[in-house]
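# Examining the three-dimensional arrangement
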Amino acid sequence: MIVADRKPIEEIIEYIKDRDKVLIVGCNECVTVCEAGGKKEVGVLASALRMYFMNQGKEIKIDEVTLERQCDHEYLEEIRNIVDQYQAIVSLACGVGVQFMSEKYFKTQVYPGVNTCFMGVTEERGVWSERCQGCGQCILATTGGICPVSRCAKRLLNGPCGGSSKGMCEIGGEVPCAWQIIIDKLTALGRLDDYEKLAPLKDWSKERAGGPRKVVREDVRQ
Amino acid sequence: MRLRYPDTIRIVRLPCTGKVDVGYILRAFEKGADGVYVVGCMEGDCRYNRGNLRAKKRVAEARRILNIVGIGGERVQMFNLSSAEGPKFAQIALDMTEKIKAMGPNPVKLKKMKKAA
Ligand code: SF4
Ligand code: SF4
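Computed from a predicted model, the values in this text were never measured in an experiment.

Before going further, it helps to spend a moment on the layout of surface pockets. The volume enclosed by the largest pocket comes to roughly 1,500 Å³. For the largest pocket, the lining is made up of 41 residues, of which R10, I11, V12, Y37 and V38 of chain B are closest to its centre. Those elements that provide at least two residues to the lining of the largest pocket are helix 1 (22-30), strand 1 (36-40) and helix 3 (86-103) of chain B. The element that contributes the greatest number of residues to the lining of the largest pocket is helix 3 of chain B, accounting for six residues. Counted as a void, the second largest pocket has a volume near 1,100 Å³. Taken together, 35 residues form the lining of the second largest pocket, with R6, E35 and R125 of chain A together with R58 and E61 of chain B sitting closest to its centre. Those elements giving two or more residues to the lining of the second largest pocket turn out to be strand 1 (2-6), helix 1 (9-16) and helix 3 (39-55) of chain A together with helix 1 and helix 2 (51-69) of chain B. Per element, the largest residue contribution to the lining of the second largest pocket is seven residues, and it comes from helix 2 of chain B. Residues belonging to the lining of the second largest pocket are distributed by class as follows: 13 nonpolar, six polar and 16 charged.

This is the structure in structure tokens:
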């Protein structure tokens, strides 16, 4: 999933303080799972903002809605009839959802309500960590299904640097060395021979370095 | 035990304090409550293991938010006691009422009332 973290309420207050009517829009998918932008978080933020402005003697109408997704037209369309009532929207979806909303409702200001962080997993409730950087040319087949692009601090593709120590990365902060995990995994698979094979040069143009990317599938396109 | 406690208190029953949500607490203040307290079982005695420990964290989060919005985090508090401690329940009700009275009404409620007047 896409992992996001809540933005400080103070930051959102700054965005909307001069508006009269604001809609807070949550998303039922990724950001609900990482507890940053689902229906519950929308309720808490909206309630906090309403109380803050009321206490300041400012009248701002703050409404709430949570959509199934914000990265698909069909769900974003659900608010078409009400969008014009608001001067601004605070979207608690990931940056993808915020942008799609902003593109679709071109005359409406859309603010981000979360900080979008990475594609990752729920290690345990309250702990999420990165697993993929969408490099566009997945190499997991040769690395035991563990990604050195997203999990090795130096994105090394042919084994660890000299800083790997007791399974931990030299950058510190309790980051496991991706290459240690890869070697452990290949050992468990009995495929340590794979580790000896040199990885071919990676085509980084398929990553973000090649500019904004797009996937077009003529077979499913309408 | 026919214990008395202040009649200004509204009891909201939940199956376990683990059901307490930050949103519930905030909404109570938004609707005009002057204070909110959560009464859970003793730590370590939760029938669902961690319900009261979850509640403790949510109360702390509600406090943080109430401080930001200017209502004051001290207006929400958590207490732990066993079901055999009726007198303590009544005492907590008294203490909390006194504490909130000393703090005065919820400022957001006052603003709302002023606006309506
Ligand atoms: S808008 Fe973002 S958070 Fe919501 S479903 Fe799409 S990718 Fe996930
Ligand atoms: S190799 Fe690329 S696509 Fe595969 S998991 Fe790593 S970053 Fe993601």
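Further remarks concern the nonpolar core. All names here are of chain A. In terms of nonpolar packing, the biggest core is built from 48 residues, with I24, L49, I62 and V90 touching the most fellow members. When residues in this core are grouped by element, the largest group, ten residues, is from helix 3. Sequence-distant contacts of V90, that is, excluding residues within four places in its chain, are made with I12, I16, V22, L23, I24, V25, L45, Y111, P112 and G113. Core analysis: the second largest hydrophobic core is formed by twelve residues, L23, L67, I89 and V110 among them.

Thresholds, definitions, all that
- Residues numbered from 1 in each chain as written.
- Chains lettered and ligands numbered in written order.
- Predicted model: local features only at pLDDT ≥ 70, side-chain atom pairs only at ≥ 80, totals over all residues.
- Heavy atoms only, no water.
- 1 Å grid on protein atoms, 1.4 Å probe; cavity = no way out; pocket = protein on both sides within 12 Å on 5 of 7 lines; lining within 4 Å.
- Points joined across faces, edges and corners; volume = space filled by probe spheres on them.
- Helix = DSSP H or I, 4+ residues; strand = E, 2+ residues; numbered from the N terminus.
- Nonpolar A, V, L, I, M, F, W, Y, C, P; charged D, E, K, R; others polar.
- Core = buried A, V, L, I, M, F, W, Y, C linked by side-chain atoms within 4.5 Å.
- Buried < 20%, exposed > 50% of the residue type's maximum accessible area, 1.4 Å probe, protein only.
- Contact = heavy atoms within 4.5 Å.

Nothing here speaks to function; it is geometry throughout.
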